[in-house]
There are 2 protein chains.
Amino acid sequence: MKNQTTLSLDAMGGDAAPTVVIEGAEIALVRHPNIKFLMHGDESQLKQLLEHHPSVAAASTVIHAEATVSMEDKPSEAVRRGRNTSMWRAIDSVRQGDARAIVSAGNTGALMAMGKIQLKTMPGISRPAIAGLWPSLNGETVVLDLGANVEADEKQLVDFAIMGEAFARVELGIRKPAVGLLNIGEEELKGHDEIRSAAQTLRTSVTDMNFIGFVEGSDIGMGDVDVVVTDGFTGNIALKTAEGTARQFAAMLSVAMRRTWLSKLGGLLAASAFRALKHKMDPNQSNGGVLLGLNGIVIKSHGGTDKNGFASAIEVALDMAESDYAEIIHRRLASLESARKSSANSDEPEGAGDTSKDAVG
Amino acid sequence: MKNQTTLSLDAMGGDAAPTVVIEGAEIALVRHPNIKFLMHGDESQLKQLLEHHPSVAAASTVIHAEATVSMEDKPSEAVRRGRNTSMWRAIDSVRQGDARAIVSAGNTGALMAMGKIQLKTMPGISRPAIAGLWPSLNGETVVLDLGANVEADEKQLVDFAIMGEAFARVELGIRKPAVGLLNIGEEELKGHDEIRSAAQTLRTSVTDMNFIGFVEGSDIGMGDVDVVVTDGFTGNIALKTAEGTARQFAAMLSVAMRRTWLSKLGGLLAASAFRALKHKMDPNQSNGGVLLGLNGIVIKSHGGTDKNGFASAIEVALDMAESDYAEIIHRRLASLESARKSSANSDEPEGAGDTSKDAVG
């Protein structure tokens, strides 16, 4: 039997909070009865709701917070004026060591800003990143950064690869995840200098990573790569584009199904298959975005999540909390550091050094 | 009755050339019997094939070219050694004024490099861009740049907006296309400085453009924006991601359809609807990529195009050739230039000037 793990919940974050938070917790408790929750938010509202969810009530300690970060608040404002919000308090529980991880469906920018201030960035990591789970043909793909940073230099991309790999090991259970750098296909336009140098570093200095080189946008959902690394601008555009295309495909499918009586009948017969597919492509299902690179586990659920989406975010938090994820990252960073030092100190670089000036690709 | 328009074809470019080129030309001729072709490629091979396609033979002049640019050639090499290729010669026909436009399904990088050298960039335009037609919920959306440049500064993004707008007017027949700049959603992370300043310029100095501001990746296929402007790196990633997602959705749909006998039956009944949908989401169908910003019309068809795809590329070439597209761009650039001058000379900027220092969004 697993030990009891305490998770901190921002009960007021997200479009359908706090209902969706409590209902999500209820689903998670069915599968993992040992979780305990610190539930931050409006005490009277929460206690009233909890009356109808006895299992959640039994597993939760309600901690009152007067205020709520709204979805429209600017991160800087939320930080300046938000010490009495459920989000700030929920993160504080992790900082204090009272909870192993925090889950919020609230404002992403505010969560990242408050997370950075309270938990600080991991030693050796230059910038935290937002990682997401992307549905693929044979499971899920970790994609990062999804928008924590607008740009990323070589060091940051390498950090992202290391953090994404650790996350894939813990969350997808893959021992040696295939890691790729997102790039464009044209031979002589192979991306920015940052991407080329990051590829070079990953190839030569992070020796036992299963780095497969450059991947294109079309590879993300195909299931041949487990971790896709990119800057936050590109990652966010790719994510939104994929969501839009899936929605577009679903809309066109439903129009096509209504065109003739034969296709209408076909559509009716296949309705449950369509529902299953929609479920699979639904961002709510795999929306456990994670803020990687902080000294503490911060899970971001989709703002418009339903209870199932929030339950999966709780499960991601649990996986991370019970893992040695931070240790994996520390070990990788330490070995990268020593590889860099030895390559800098050595007059006669061995192996890796020979190719360090070759163009990539 | 329309005048006769002569188009130059790189008959050897693309995975299935020259067959697909000749068969594509045949389809285009059914709809537009007045087109004449200058067909560049291996004379004996082409003449042999043309025996089976009398309508194309009658409309074509075959011009022999000894060599072919391969899909793997690097653009710089293709340019250095490729003056005897069908691609170079086909572009040369436009430069010489013998044809109004050139269509190639060959190597994109080489086509762009040769196009730049032979046709030169339009006066006032800093960099050419590749524009594509993206299937949307109510038609098609113009997206550019799709990979001609890895980065884009403010001036280039503004140029892209102007070129994309002109292309949408000609190709989609929209008098005042809605133009958007691709960006990410987070409030305080609203993209790079370049994007913010480009938005500012488009808002204040390109006065009668229907500029709708920032759009996100999920907006591209929804049909509310007609022209989506971005740098070539982001555009290429977005395009490939959308293609991958559509393929992924189709693959998952076909698995879902085979799961139960009921859904199997449904799938059979709805088979024609599925085919129509696949056809609609097929990049081959709307693959008339255009190299905008050159002194001549260069249309890029997908390398793996089928005959229908090549026929649509020919039709895009025809639309462009019979339009005043270059004129539209020249007028816009001239008015932008005078707006810039008047704003620089004026001590007391009127209207637009007042907001020029406001943050965007």
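Residues numbered from 1 in each chain as written. Chains lettered and ligands numbered in written order. Predicted model: local features only at pLDDT ≥ 70, side-chain atom pairs only at ≥ 80, totals over all residues. Heavy atoms only, no water.

### Side note on the overall build of chain A
Okay, so step 1: The secondary structure content of chain A amounts to 13 helices and eleven strands.
Okay, so step 2: Accessible area for chain A stands at about 14800 Å²; split by element, carbon and sulfur atoms hold 49% of it. (Helix = DSSP H or I, 4+ residues; strand = E, 2+ residues; numbered from the N terminus. Areas by Shrake-Rupley, 256 points an atom, 1.4 Å probe, with all protein chains shown as cover.)

### Focus: the sheet that holds strand 7 (residues 178-182) of chain B
Residue and element names in this part refer to chain B.
Okay, so step 1: In space, the eleven strands of this open sheet follow the order 3-2-1-4-11-10-5-6-9-7-8, with mixed pairing throughout. Among the strands making up the open sheet, the edge pair consists of strand 3 (60-64) and strand 8 (210-215). Each neighbouring strand pair of the sheet contributes to a mean axis angle of 25 degrees, computed without reference to strand direction.
Okay, so step 2: As paired strands, strand 7 and strand 9 (residues 227-229) are joined by three bridges and run parallel to one another. For glycine 180, the partnering residue across the bridge sits in strand 9 and is valine 228. (Pairing = 2+ DSSP bridges. Axes fitted to C-alpha atoms, helices over the stretch in contact; angles between N-to-C directions.)

### Considerations on the packing of helix 7 (residues 154-171) of chain A against helix 8 (residues 193-204) of chain A
Residue and element names in this part refer to chain A.
Okay, so step 1: Direction vectors running N to C along helix 7 and helix 8 enclose 50 degrees, while the axes themselves pass 8 Å from each other. When the interaxial angle is binned, helix 7 and helix 8 end up oblique. Helix 8 is crossed by helix 7, and the crossing has right-handed handedness. Facing Glu154, Leu157, Val158 and Ala161 of helix 7, the residues of helix 8 in contact are Glu194, Ile195, Ser197, Ala198, Thr201 and Leu202.
Okay, so step 2: Of the residues belonging to the contact of helix 7 with helix 8, the class tally is six nonpolar, two polar and two charged. (Parallel < 35°, antiparallel > 145°, perpendicular 65-115°, else oblique. Left-handed = near helix turned anticlockwise from the far one by under 90°. Contact = heavy atoms within 4.5 Å. Nonpolar A, V, L, I, M, F, W, Y, C, P; charged D, E, K, R; others polar.)

### Overview of the pairing of strand 11 (residues 297-300) of chain B
Residue and element names in this part refer to chain B.
Okay, so step 1: Alternating positions in strand 11 separate into two faces, Ile297 and Ile299 on one and Val298 and Lys300 on the other, with burial throughout.
Okay, so step 2: Pairing of strand 4 (residues 101-104) with strand 11, which is carried by four bridges, proceeds in the parallel orientation. Bridge pairing in strand 11 links serine 104 to lysine 300.
Okay, so step 3: In this antiparallel pair of consecutive strands, strand 10 (residues 289-292) and strand 11, the connection spans four residues, and glycine 293 shows a positive phi of 100 degrees. (Buried < 20%, exposed > 50% of the residue type's maximum accessible area, 1.4 Å probe, protein only.)

### Details of the interface of chain A and chain B
Much of the literature gives interface size as the accessible area that the parts lose upon coming together.
Okay, so step 1: The partner chain B presents 61 residues to the 61 residues of chain A that form the contact.
Okay, so step 2: A buried area of about 5600 Å², summed over both sides, lies between chain A and chain B, and 73% of it is on carbon and sulfur atoms.
Okay, so step 3: When the buried area of chain A at its contact with chain B is split by residue, Phe233, Phe249 and Met252 of chain A rank highest and sum to 13% of it.
Okay, so step 4: Our count for the contact surface shared by chain A and chain B stands at eight residue pairs in polar contact (both at pLDDT 80 or more).
Okay, so step 5: Of all the secondary structure elements, the ones that give two or more residues to the side of chain A that touches chain B are helix 4 (75-81), helix 6 (108-119), strand 5 (129-136), helix 9 (232-257), helix 10 (261-269) and helix 11 (271-281) of chain A.
Okay, so step 6: No other element matches helix 9 of chain A, which puts 20 residues into the side of chain A that touches chain B.
Okay, so step 7: Each residue belonging to the side of chain A that touches chain B can be placed in one class, and the counts come to 32 nonpolar, 20 polar and nine charged. (Buried area = accessible area lost by both parts, 1.4 Å probe. Polar contact = N/O pair within 3.5 Å; in protein donor to acceptor, adjacent residues only side chain to side chain.)

### Details of the sheet that holds strand 11 (residues 297-300) of chain A
Okay, so step 1: A sheet is described by the order of its strands in space; here eleven strands give the open sequence 3-2-1-4-11-10-5-6-9-7-8 (chain A), paired in mixed fashion. In this open sheet, the two edge strands, each paired with only one partner strand, are strand 3 (60-64) and strand 8 (210-215) of chain A. Direction aside, the axes of adjacent strands within the sheet are offset by 25 degrees on average.
Okay, so step 2: Where strand 5 of chain A and strand 6 (residues 139-144) of chain A come together, six bridges link them in antiparallel fashion. The partner of serine 136 of chain A across the bridge, within strand 6 of chain A, is glycine 139 of chain A.
Okay, so step 3: Across the sheet, helix 9 (residues 232-257) of chain B lies against strand 5 and strand 7 (178-182) of chain A, angled at about 35 degrees from strand 5 of chain A, the strand it touches most.

### Brief notes about a nonpolar patch on the surface
Okay, so step 1: A surface patch of nonpolar side chains, amounting to about 460 Å² of accessible area, comprises Trp261, Leu262, Leu265 and Leu268 of chain A.
Okay, so step 2: Note on placement: leucine 268 of chain A falls in helix 10. (Patch = residues over 30% accessible without salt bridge, like charges linked within 9 Å, V, L, I, M, F, W, Y side chains within 5 Å. Salt bridge = Lys/Arg side-chain N within 4 Å of Asp/Glu carboxyl O.)

### A short note on the packing of aromatic side chains
Okay, so step 1: One pass over the full model with this rule turns up one aromatic pair over all chains.
Okay, so step 2: Plain terms: the ring middles of phenylalanine 249 of chain A and phenylalanine 249 of chain B are 4.4 Å apart, the flat faces sit at 25 degrees to each other, and that makes the pair stacked. You can see phenylalanine 249 of chain A sitting in helix 9 and its partner phenylalanine 249 of chain B sitting in helix 9, one on each of two chains. In terms of burial, phenylalanine 249 of chain A and phenylalanine 249 of chain B fall into one category: buried. (Phe/Tyr/Trp six-rings, centres within 6.5 Å; stacked < 30°, edge-to-face > 60°.)

### Remarks on the relation of the copies chain A and chain B
Okay, so step 1: Mapping chain A onto chain B calls for a rotation angle of 180 degrees and an axial translation of 0.0 Å; the resulting RMSD is 0.0 Å. The operation mapping one copy onto its partner corresponds to a two-fold rotation axis. Every residue of chain A has its C-alpha some distance from the rotation axis, and the shortest such distance is that of glycine 266 of chain A, at 1.8 Å. (Least-squares fit on C-alpha atoms with pLDDT ≥ 70 in both.)

### Remarks on the pattern of salt bridges
Okay, so step 1: Here the structure, examined in full by the defined rule, presents 20 salt bridges over all chains.
Okay, so step 2: Put simply, glutamate 77 of chain A and arginine 81 of chain A hold a salt bridge, and the shortest N to O gap is 3.9 Å. Here glutamate 77 of chain A and its partner arginine 81 of chain A are both found in helix 4, four residues apart, which amounts to about one turn of the helix.
Okay, so step 3: Judged by relative accessible area, glutamate 77 of chain A falls into the partly exposed class, the value being 29%.
Okay, so step 4: Of the residues examined, arginine 81 of chain A reaches a relative accessible area of 59% and is grouped as exposed.
Okay, so step 5: Close ionic contact of lysine 240 of chain B with glutamate 216 of chain A constitutes a salt bridge, the shortest N to O distance being 2.4 Å. Of this pair, lysine 240 of chain B sits in helix 9 while glutamate 216 of chain A is found in the loop between strand 8 and strand 9 (227-229), placing the two residues in two different chains.
Okay, so step 6: Residue classification places lysine 240 of chain B among the buried residues on the basis of a relative accessible area of 18%.
Okay, so step 7: Three or more residues joined by partner-sharing salt bridges are found here, namely Glu165, Asp208 and Arg332 of chain A.

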